[in-house]
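# Report on the structure
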Amino acid sequence: MAENFLWQVVGNVATITLHRPEKKNPLTFESYAELRDLFRDLAHDSEINAVVITGAGGNFCSGGDVHEIIGPLTRMTMPELLQFTRMTGELVKFMRACPQPIIAAIEGVCAGAGAMLALASDLRYGTPGSKTAFLFTRVGLAGCDMGACTLLPRVVGQGRAADLLYTGRVLSADEGLQWGFYNAIYPSEEVLVRAQEMAARLAAGPTFAHAMTKKMLHQEWAMGLDEAIEAEAQAQAICMQTRDFRRAYDAFVAKEQPIFKGD
């Protein structure tokens, strides 16, 4: 039972809804920690095959709450600050480490730590009114927060990432789609449904293979080509041992659609 956001499961798809619409769904110390623990535990959850994360009331997430996080941070000691920044970084690490594909359905404001939740997702669907901003420098902090300087250049490119992280400016929906930050743009009334449809499609697919794909996408960042090819050879040989691989072959021979079971 979630305490700081809404949690809904339909079939094998879970939907997380950040739910403080009156403040554009900011994060608090408690919601950071609960999200971190949730994604950590999803690594051991065989019932959830895909995750959608979204926000209530026409906005995704406005970042850390000014009064509940920013204010208290100005009064903390260095050890306390480091404990906090490591905790927020762990949220992103567990999002990248969990085997389930994560799809962000982004309306309206997507800022600061909220932008990092979107960036740490595997796919991002926006709306024409989506406004993404990595605001850290605008509050006197470095742009290197929660893995931004690693993740963002890999999604939009080094120069574009530098632009966004130095200035903290708003990335519009059209620009975000052009740059590859968004995978698709949908009308506001459709974006969550489209994200859940994609999540259901992935959840019904070869989930072991999807988990392996996500792991390789993450691990190969630090590999040379020769290492990556060997890692992929090993990963593919493992997948060839699964029943899903045999199911796909049998279905092809029978001219049927395969029914995957994730084993």
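Look above for the structure.
Description of the structure in this document. These numbers were taken from a predicted model, which means no experiment stands behind them.

### As for the sheet that holds strand S9 (residues 184–185)
Taking strand neighbours across the sheet as the criterion, the six strands line up as S1-S2-S3-S4-S6-S9 in an open arrangement whose pairing is mixed. Whereas interior strands pair on both sides, the edge strands pair on one side only; in this sheet they are strand S1 (6–10) and S9. Looking at chain direction, strand S3 (residues 50–55) and strand S4 (residues 102–105) are connected through four bridges and run parallel. Each residue of the ladder has a partner; that of Val52, found in S4, is Ile103. Sitting on the sheet, helix H1 (residues 29–42) is in contact with S1, strand S2 (13–18), S3 and S4, with an inclination near 170° to S2.

### Some points on the side chain of Asp65
You can see Asp65 is positioned in the loop between S3 and helix H2 (66–73). Excluding residues that lie within four positions of it along the chain, Asp65 makes contacts with Arg20, Lys23, Pro26, Leu27 and Ile70.

### Section: the pattern of salt bridges
For the structure shown, the criterion picks out 17 salt bridges. Here Arg247 and Asp244 are joined by a salt bridge, their closest N and O atoms 2.7 Å apart. Taken together, the positions of Arg247 and Asp244, both in helix H11 (residues 243–253) and three residues apart, correspond to about one turn of that helix. Looking at Asp244, the relative accessible area reads 3%, which means it is buried. If you follow the salt bridges from partner to partner, you end up with Arg36, Asp37, Arg40, Asp41 and Glu90 in one network.

### Quick look at the layout of surface pockets
Empty space within the largest pocket amounts to approximately 620 Å³. Contributions of two or more residues to the lining of the largest pocket are made by H2 and helix H3 (78–97). Among the elements that take part in the lining of the largest pocket, H2 stands out by supplying five residues, more than any other. Class assignment for the residues of the lining of the largest pocket results in 16 nonpolar, seven polar and four charged.

Calculation criteria
Residues numbered from 1 in each chain as written. Predicted model: local features only at pLDDT ≥ 70, side-chain atom pairs only at ≥ 80, totals over all residues. Heavy atoms only, no water. Pairing = 2+ DSSP bridges. Helix = DSSP H or I, 4+ residues; strand = E, 2+ residues; numbered from the N terminus. Contact = heavy atoms within 4.5 Å. Axes fitted to C-alpha atoms, helices over the stretch in contact; angles between N-to-C directions. Salt bridge = Lys/Arg side-chain N within 4 Å of Asp/Glu carboxyl O. Buried < 20%, exposed > 50% of the residue type's maximum accessible area, 1.4 Å probe, protein only. 1 Å grid on protein atoms, 1.4 Å probe; cavity = no way out; pocket = protein on both sides within 12 Å on 5 of 7 lines; lining within 4 Å. Points joined across faces, edges and corners; volume = space filled by probe spheres on them. Nonpolar A, V, L, I, M, F, W, Y, C, P; charged D, E, K, R; others polar.

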